[in-house]
Amino acid sequence: MLSKIAPRAFTAPVRYSAYASPVRAAFSPAVVSRRTVTTDAASTHAEKSDIPDADDQPFTVKLSDEAFETYELDPPSYELNTTKNELKQMYYDMVAVRRMEMAADRLYKEKKIRGFCHLSTGQEAVAVGMEHAIEKTDHVITAYRCHGFAMMRGGSVRSIIGELLGRREGIAYGKGGSMHMFSTGFYGGNGIVGAQVPVGAGIGFANQYMGKKNVTVSLYGDGASNQGQVFEAFNMAKLWNIPIIFACENNKYGMGTAANRSSALTDYYKRGQYIPGLKINGMDVLAVKAAIQYGKEYCAAGKGPLVYEFVTYRYGGHSMSDPGTTYRTREEIQRMRSTNDPIAGIKQKLLEWGVCDEGVLKEMDKEARAHVDEEVAAAEKMAAPDATPEVLFEDIYVRGSEPQFLRGRVPEENYYYPDREVQVPKSPAQT
Amino acid sequence: MVGQRLLRPAAQLLRSSPSALPRCSFQKVSAPAAASRWRTYATPSGTKEMTVRDALNEAMAEEMEKNDKVFVLGEEVAQYNGAYKVTKGLLDRFGEKRVIDSPITESGFAGLTVGAALAGLHPVCEFMTFNFAMQAIDQIINSAAKTHYMSGGIQPCNITFRGPNGFASGVGAQHSQDYSAWYGSIPGLKVVAPYSAEDAKGLLKAAIRDPNPVCVLENELLYGLSFPMSVEAQSDDFVIPFGKAKIERPGKDITIVTLSRCVGQSLVAAEILKSKYGVEAEVINLRSIKPLDVEAIVKSVKKTGHMMAVESGFPSFGVGAEIIALTAEYAFDYLDAPPIRVTGAEVPTPYAQKLEEMAFPSEQLIADYAAKLLKV
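Just so we're clear, the structure is a prediction, and the values are computed from it rather than from any experiment.

Rules used in this analysis
- Residues numbered from 1 in each chain as written.
- Chains lettered and ligands numbered in written order.
- Predicted model: local features only at pLDDT ≥ 70, side-chain atom pairs only at ≥ 80, totals over all residues.
- Heavy atoms only, no water.
- Helix = DSSP H or I, 4+ residues; strand = E, 2+ residues; numbered from the N terminus.
- Expected span 1.5 Å × (residues − 1).
- Buried < 20%, exposed > 50% of the residue type's maximum accessible area, 1.4 Å probe, protein only.
- UniProt positions renumbered as here; feature names shortened; annotations may be inferred.
- Disulfide = S-S within 2.5 Å.
- Domains from an automatic or database assignment.
- Buried area = accessible area lost by both parts, 1.4 Å probe.
- Salt bridge = Lys/Arg side-chain N within 4 Å of Asp/Glu carboxyl O.
- Polar contact = N/O pair within 3.5 Å; in protein donor to acceptor, adjacent residues only side chain to side chain.
- Nonpolar A, V, L, I, M, F, W, Y, C, P; charged D, E, K, R; others polar.
- Contact = heavy atoms within 4.5 Å.
- Phe/Tyr/Trp six-rings, centres within 6.5 Å; stacked < 30°, edge-to-face > 60°.
- Lys NZ or Arg CZ within 6 Å of the ring centre and 35° of its normal.
- Core = buried A, V, L, I, M, F, W, Y, C linked by side-chain atoms within 4.5 Å.

S.K.: Please explain helix H4 (residues 52–66) of chain B as it appears in this structure.
M.R.: Because the α-helix completes a turn every 3.6 residues, residues three or four places apart line up on one side. Residues and elements named next belong to chain B. Its 15 residues give H4 an end-to-end C-alpha distance of 21 Å, which sits within 8% of 21 Å, the value for a rise of 1.5 Å per residue. The element H4 is extensively covered by neighbouring structure, given that eleven of its 15 residues are classed as buried. Buried residues of H4: Val-52, Ala-55, Leu-56, Asn-57, Glu-58, Ala-59, Met-60, Ala-61, Glu-62, Glu-63 and Met-64, and no others.

Below is the structure:
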């Protein structure tokens, strides 16, 4: 019975909670206390006296008691070492990711971006917190909501926006689009819901096979968590002790279906059954960092896989064609934006801890904005790929290993490949 | 109009008395007999007999020896020695790190091996049969075949999917399907279908070395058949290039384009045609479905003026259909009669033997249909 009650408590639309607790202090809404893990983005504490003057001197912050929920797992340390520099960088990164997504939103509305475009506005803390906990030699794979991850892994804003615009200098040379981006230690950008999870297990498998000590994070959404192959991947990962973190980004809606309308068990961190799990406040970039840091050590120690659940929230619709208001209330979105925003959360902490003043933050905002604007302008100036057979038919197979020719729409358009040496590319993801 | 076009004279002739066509008897006249009969014409010294199973095994063992990035993963490949014993002895030789028994989880382990390939390994992913790979076809197509293109050519995926495909004996509808056309239609994949032991070794080794995803569609009924292996093929550097068909039997009167197990059947049919009608059929073993050797077909049709495709898959949108379309596109002017095809019947494979026999090409049917086309 417990399982029937727990998920409801967790997934109950926020609007119901509003009646139960009309009085809410900013940044600590009563509504989130209904969920087992807080989504308060500013729940981490630090003693003012512990905070050093120097920007690069480490100090300890204490995460909220409600930052984690564990399943068959000792919780990570609630204390996290950081520096003022890192906190500022985290802030800057989240602002930059959001700025980039907003630019994509604008370009899409200007009809400059074609097809699909899934934005991660509201979920920035996951991509940013994770990147601050891992190395470039670690590996990440995710689904189609991938712009922020691609950027944090090292993709430039211009290459990502260029890709969205279908430009030759885009991150995938205009061949991938919004959903397919590869970068340092980053395997995309995958369009088939859930299919990236076993692929991620395979990346972890390869690292183990090659004796590398790095960790692989395989991300998927609450919607994908019901795919059969996710469980298949869990099974093999546990069986073979693969160093991987299966990380569910629970943004409460799989497309337009609320978690409790799709999942018999909405405790996604328990979905691994025989794999220890951790539920994390995915709105707090520090909690995300602490969790991934812990998982990286756990995997490196040879303890096998973990199942994570980042509790987060998507402000926008599922994709650009979804206003995102038919299956949830505007009030719910507004409440999350105004009280649980990951950027506002870290901003509050930066001010509270005296890391920097409002002026510096404004400067950083400006800088991020200017950088993104500049990059977007550069992307818009990029040329589209030449509409030639050479470009159309390139890279279907590894260069030099192509068939003699591939067929066009009519035989006259057949493309004959030049005779050349096989040139196997070195993937940037293979670090 | 449509009716008229369908009933062109040659087609009419071919349609005239379908009931007169004899029922197949492929289980009596077996491919191996045919193959060795044919092969005995030229057996240079130094050749040795080898089964297709052993050739596949040798191919994997040699490639694993050469490159420690190569590993084999699949159901029952290790301790059980392979459901069809193709991976026999590999566990003992290479250890459990590189020969891995997978749980029965096609979608999962296909995805896992694809991930391992993306991360730089060269997996050999064995499907117990390609019928089960239908559960994993998304990973093969979307995750493996398309990634290189979608990444703008920066992310390779060197993986080999292999296992028995197509017709087996008495295993019913869900275990008898031929997926040549399914995989053959996907840009980004390479697809091969070995017939002989040399084919098996050379193509599998080439597949493992190829930097792209490759499907090696084997056939269960061929596993146990022995073929001569030339001295060259016995070398551990023997590979067969993709996209090159092999003329298994030269002829001047009709071109029979075929693949996999049907090559053996077509060779027997060619012998029947010769002994009964004095007709010389040229039998082309495609070896590779994607890329497909159109040039070999055109060259042969130029010579013979007649083309017959023989395959055991479902007829609609199949390999035979593609071969006929290509022949029409590239060699229409050389044809003296419409190109024709012998395929599996449009029927989920039945279990009862006599019914099953009616569902697949037989040597006799191939010979008779060719004779009909040639009006002999």
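S.K.: Quick question: what am I supposed to make of the UniProt feature "domain: Dehydrogenase E1 component" (unreviewed entry) in chain A here?
M.R.: As annotated in UniProt, the feature "domain: Dehydrogenase E1 component" (unreviewed entry) corresponds to residues 92–385 of chain A in the numbering used here. Summarising residues 92–385 of chain A: 45% helix, 11% strand, and an end-to-end C-alpha distance of 32 Å.

S.K.: How should I be thinking about unusual backbone geometry in this particular structure?
M.R.: Glycine aside, residues mostly have negative phi, and peptide bonds are mostly found in the trans state. Following Lys290(B), the chain continues into Pro291(B) via a peptide bond in cis, with omega recorded as 0°. When you line up the elements, Pro291(B) lands in the loop between strand E12 (288–290) and helix H14 (294–304). The backbone of Glu72(A) shows a phi angle near 55°, a positive value even though the residue is not glycine. Within the secondary structure layout, Glu72(A) lies in the loop between strand E2 (68–71) and strand E3 (79–82). Judged by its relative accessible area of 64%, Glu72(A) is exposed. One non-glycine residue, Asn81(B), adopts positive backbone phi at about 70°. By the secondary structure assignment, Asn81(B) is in the loop between strand E2 (70–74) and helix H5 (90–94). Take Asn81(B): its relative accessible area is 23%, and that puts it in the partly exposed class.

S.K.: I keep staring at the state of the cysteines and nothing clicks. Help me out?
M.R.: Covalent bonding between the sulfur atoms of two cysteines defines a disulfide. Residue and element names in this part refer to chain A. A full pass over the atoms with the stated rule returns zero disulfides over all chains. Among the cysteines around Cys-248, which has no disulfide bond, Cys-299 carries the closest sulfur, lying 17 Å off. Judged by its relative accessible area of 0%, Cys-248 is buried. You can call Cys-299 buried: its relative accessible area is 5%.

S.K.: Looking at this structure, I do not really get the domain arrangement of chain B. What am I missing?
M.R.: It is common to give the size of an interface as the accessible area lost on bringing the parts into contact. All names here are of chain B. Once the domains are mapped, chain B shows domain 1 (2–41 + 244–374) and domain 2 (48–234). With both chains or domains summed, domain 1 and domain 2 bury close to 2500 Å², and 61% of this area falls on carbon and sulfur atoms. Between the two partners, domain 1 and domain 2, sit one salt bridge. Taking the shortest distance from any N to any O, the salt bridge between Asp-199 and Arg-287 comes out at 2.7 Å. Our count for the domain 1 to domain 2 interface comes out at eight residue pairs in polar contact (both at pLDDT 80 or more). Secondary structure elements with two or more residues in the side of domain 1 that touches domain 2: helix H3 (31–39), helix H13 (261–277) and E12. Classifying every residue of the side of domain 1 that touches domain 2 gives 15 nonpolar, nine polar and six charged.

S.K.: What's the story with the domain arrangement of chain A in this structure? I'm lost.
M.R.: Residues and elements named next belong to chain A. On domain assignment, one finds that chain A holds domain 1 (36–381) and domain 2 (391–431). Of note, the centres of domain 1 and domain 2, computed from C-alpha atoms alone, are 35 Å apart. Listed per partner, the contact involves 13 residues of domain 1 and six residues of domain 2. Summed over both partners, the interface of domain 1 with domain 2 buries about 690 Å², with 46% contributed by carbon and sulfur atoms. Where domain 1 packs against domain 2, one counts two salt bridges. Arg-168 serves as the salt-bridge partner of Glu-394, at 2.6 Å between the closest nitrogen and oxygen. Among the residues making up the side of domain 1 that touches domain 2, the classes are represented as two nonpolar, six polar and five charged.

S.K.: Mind showing me how you'd approach the packing of aromatic side chains here?
M.R.: For any pair of aromatic rings, the description rests on two quantities: the centre-to-centre distance and the angle between the ring planes. The full count for this structure, using the stated rule, is 23 aromatic pairs over all chains. Considering the side-chain rings of Phe231(A) and Phe234(A), the 5.8 Å spacing of their centres and the 75° angle between planes classify their relative orientation as edge-to-face. Of this pair, Phe231(A) and Phe234(A) are both found in helix H9 (residues 228–239), three residues apart, which corresponds to roughly one turn of the helix. On the accessibility criterion, Phe234(A) (1% relative accessible area) is buried. Grouping aromatic residues by their ring pairs yields a cluster made of Phe109(B), Phe127(B), Phe130(B), Phe161(B), Tyr179(B), Trp182(B) and Tyr183(B). One cation-aromatic arrangement involves Lys97(B) over Tyr209(A); the distance from NZ or CZ to the ring centre is 4.3 Å.

S.K.: What is the right way to look at the nonpolar core in this model?
M.R.: One recurring pattern in soluble globular proteins is that nonpolar side chains are buried together. Within the largest apolar cluster, 79 residues are counted, with the highest numbers of intra-cluster contacts made by Phe68(A), Leu87(A), Ile161(A), Leu286(A), Ile292(A) and Tyr308(A). Not counting residues up to four positions away in its chain, the partners in contact with Tyr308(A) are Ile245(A), Phe246(A), Ala247(A), Cys248(A), Leu278(A), Ile280(A), Ala291(A), Ile292(A), Tyr294(A) and Gly295(A). If you look at the next biggest cluster of nonpolar residues, it comprises 77 residues, including Ile203(A), Leu259(B), Leu286(B) and Ile297(B).

S.K.: Teacher, can you tell me more about the UniProt feature "domain: Transketolase-like pyrimidine-binding" (unreviewed entry) in chain B here?
M.R.: The feature "domain: Transketolase-like pyrimidine-binding" (unreviewed entry), as annotated in UniProt, sits at residues 50–225 of chain B in this numbering. Annotated as 39% helix and 16% strand, the span residues 50–225 of chain B places its first and last C-alpha atoms 8 Å apart.

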